[in-house]
Amino acid sequence: MTQDEMKQAVAQAAIEYVEVGTIIGVGTGSTANFFIDELAKIKGKIDGTVASSVASAERLKGHGIPVYDLNAVDGISVYIDGADESTRNLHLVKGGGGALTREKIVAAVANKFVCIADESKLVDYLGKFPLPIEVIPMARSYVAREIVKLGGEPVLREGFTTDNGNVILDVHNWEIMEPTKLEQQLNNITGVVTNGLFAMRPADILLLGTPDGVTTLK
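Overall, mixed pairing links the six strands, which are arranged β2-β1-β3-β6-β12-β13 in an open sheet. The open sheet has two free edges, formed respectively by β2 (48–51) and β13 (213–217), since each of these has just one partner strand. For this sheet, the mean angle separating the axes of adjacent strands, direction not counted, is 25°. Pairing geometry for strand β1 (residues 23–26) and strand β3 (residues 76–81), over three bridges, is parallel. Pairing of G25 across the sheet is with Y79, part of β3.

Attention now goes to the sheet that holds strand β4 (residues 85–86). If you trace the three strands from one edge of the open sheet to the other, you get β4-β5-β11, paired in antiparallel fashion. Every other strand in the sheet has two partners, leaving β4 and β11 (197–198) as the edge strands with one partner each. Two elements, strand β5 (residues 92–93) and β11, share two bridges in a ladder whose sense is antiparallel. In the strand pairing of β11, L92 is matched with F198.

Close contact between helix α2 (residues 30–39) and helix α3 (residues 54–62) brings their axes to 10 Å; oriented N to C, the two are set at 25°. By the angle class used here, α2 and α3 are roughly parallel. Crossing handedness for the pair α2 and α3: right-handed. Of the residues in α3, those touching α2 at N33, I36, D37 and L39 are S56, R59 and L60. The residue makeup of the contact of α2 with α3, split by class, is three nonpolar, two polar and two charged.

Attention now goes to unusual backbone geometry. A positive phi angle, close to 70°, is found at L90, a residue other than glycine. Among the structural elements, L90 can be located in the loop between β4 and β5. With a relative accessible area of 2%, L90 lands in the buried category. Backbone geometry places N173, a non-glycine residue, at a positive phi of 60°. Within the secondary structure, N173 is located in the loop between β9 (167–172) and α6 (179–187).

Each pocket or cavity is described by its volume, and for the largest pocket that value is around 220 Å³. Around the largest pocket, the lining comprises 13 residues; the ones closest to its centre are V50, A51, Y68, L70 and R102. If you list the elements that add at least two residues to the lining of the largest pocket, you get β2, α3 and α4 (100–109). For the lining of the largest pocket, the residue count by class is nine nonpolar, one polar and three charged.

With seven of its nine residues buried, strand β6 (residues 110–118) lies for the most part within the structure. In this sheet, β6 lies alongside β3 in parallel orientation, the contact comprising five bridges. Along β6, the bridge assignment pairs Y79 with F113. Bridging between β6 and strand β12 (residues 205–210) involves five bridges; their strand directions are parallel. In the strand pairing of β12, A117 is matched with L208.

Here the focus is the pattern of salt bridges. The tally for this structure, following the rule as stated, stands at nine salt bridges. Across the pair D118 and K121 runs a salt bridge whose closest N-O atoms are separated by 2.9 Å. Like D118, the residue K121 is buried in the burial classification. One salt bridge connects R157 with D170, and the closest N-O pair in it is separated by 2.8 Å. In this pair, R157 sits in the loop between β8 (153–156) and β9 while D170 sits in strand β9, placing the two residues 13 residues apart along the sequence. On the basis of relative accessibility, which here comes to 12%, the residue D170 falls in the buried class. A single salt-bridge network, built from bridges that share partners, covers D81, K94 and E103.

Rules used in this analysis
For every chain, the first residue of the written sequence is number 1, and numbering continues from 1 along that sequence. Only residues with pLDDT of at least 70 are given local features in this predicted model, and only at 80 or more are side-chain atom pairs given and counted; all residues enter the totals for whole chains, interfaces and linings. Remark: hydrogens and water are excluded; side-chain values derive from all non-hydrogen atoms of the structure. The criterion for strand pairing is that DSSP finds at least two bridges linking the strands in question. For helices the rule is a DSSP run of H or I covering at least 4 residues; for strands it is a run of E covering at least 2, with both sets numbered from the N terminus onward. To get an axis, a line is fitted to the C-alpha atoms, and for a helix only the part in contact is used. The angle between two axes follows their N-to-C directions and goes from 0 to 180 degrees. Under this scheme an angle from 65 to 115 degrees is roughly perpendicular, one under 35 degrees roughly parallel, and one over 145 degrees roughly antiparallel; angles in between are oblique. Crossing handedness: left-handed means the near helix sits turned counterclockwise from the far one by under a right angle, and right-handed means the same turn made clockwise. Between two residues, a contact is recorded if the distance between any of their heavy atoms is within 4.5 Å. Under this grouping Gly is polar, as are all residues other than the nonpolar Ala, Val, Leu, Ile, Met, Phe, Trp, Tyr, Cys and Pro and the charged Asp, Glu, Lys and Arg. Burial classes follow relative accessibility: with a 1.4 Å probe on protein chains only, a residue under 20% of its type's maximum area counts as buried, one over 50% as exposed, and anything between as partly exposed. For each structure, a 1 Å grid was placed over the protein atoms alone; sets of points admitting a 1.4 Å probe that cannot get out are labelled cavities, open sets with protein on both sides within 12 Å along at least five of seven lines are labelled pockets, and lining residues have an atom within 4 Å of a point. Grid points are joined across faces, edges and corners, and a volume is the space filled by probe spheres set on the points. By salt bridge we mean one thing: a side-chain nitrogen of Lys or Arg within 4 Å of a carboxyl oxygen of Asp or Glu.

Okay, here's the thing in structure tokens:
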């Protein structure tokens, strides 16, 4: 199976976790796009969606799937999204597409978080993929200096602004052995909106696409 075929397989498998008559949280990125296309096939069975990015909202609307503001809904039954990295503990790095803050908000609200990814995203420890950190623009240099003190190498994502109007620092050369601790440390730096570690609220289920089919990790 190609990487896209594995993404397609996990997107199809994720449909089983969609609860009829509820609001579904939908993530951002290439794997999430496969899920959106699958969701379109059963759109009449759900009440609508909350999207983690403008791009996903537009793709959902293009399929005729209702998209609601998070403040307009009482809850989300399940949030389905991809990841840039995952450990077997279901700790994740997300934010390669720049939507990490909204992704983290939707994940926090959802009753269940189902992560969908191909097998290349499963790692022994996090950090090989640069960790995205969303930062208030005026705090960029200060936050970067604080990250250096923690051992990371921050690089500004050039020419990129988040849907929230902020910038992203991608932190290289970190071996993240204590993701929950680091997530808290980064969030405590003044000027950080949030970071791409999903360890305090990890995935509940990881659907992993492999050449032999979909493997489920819980």
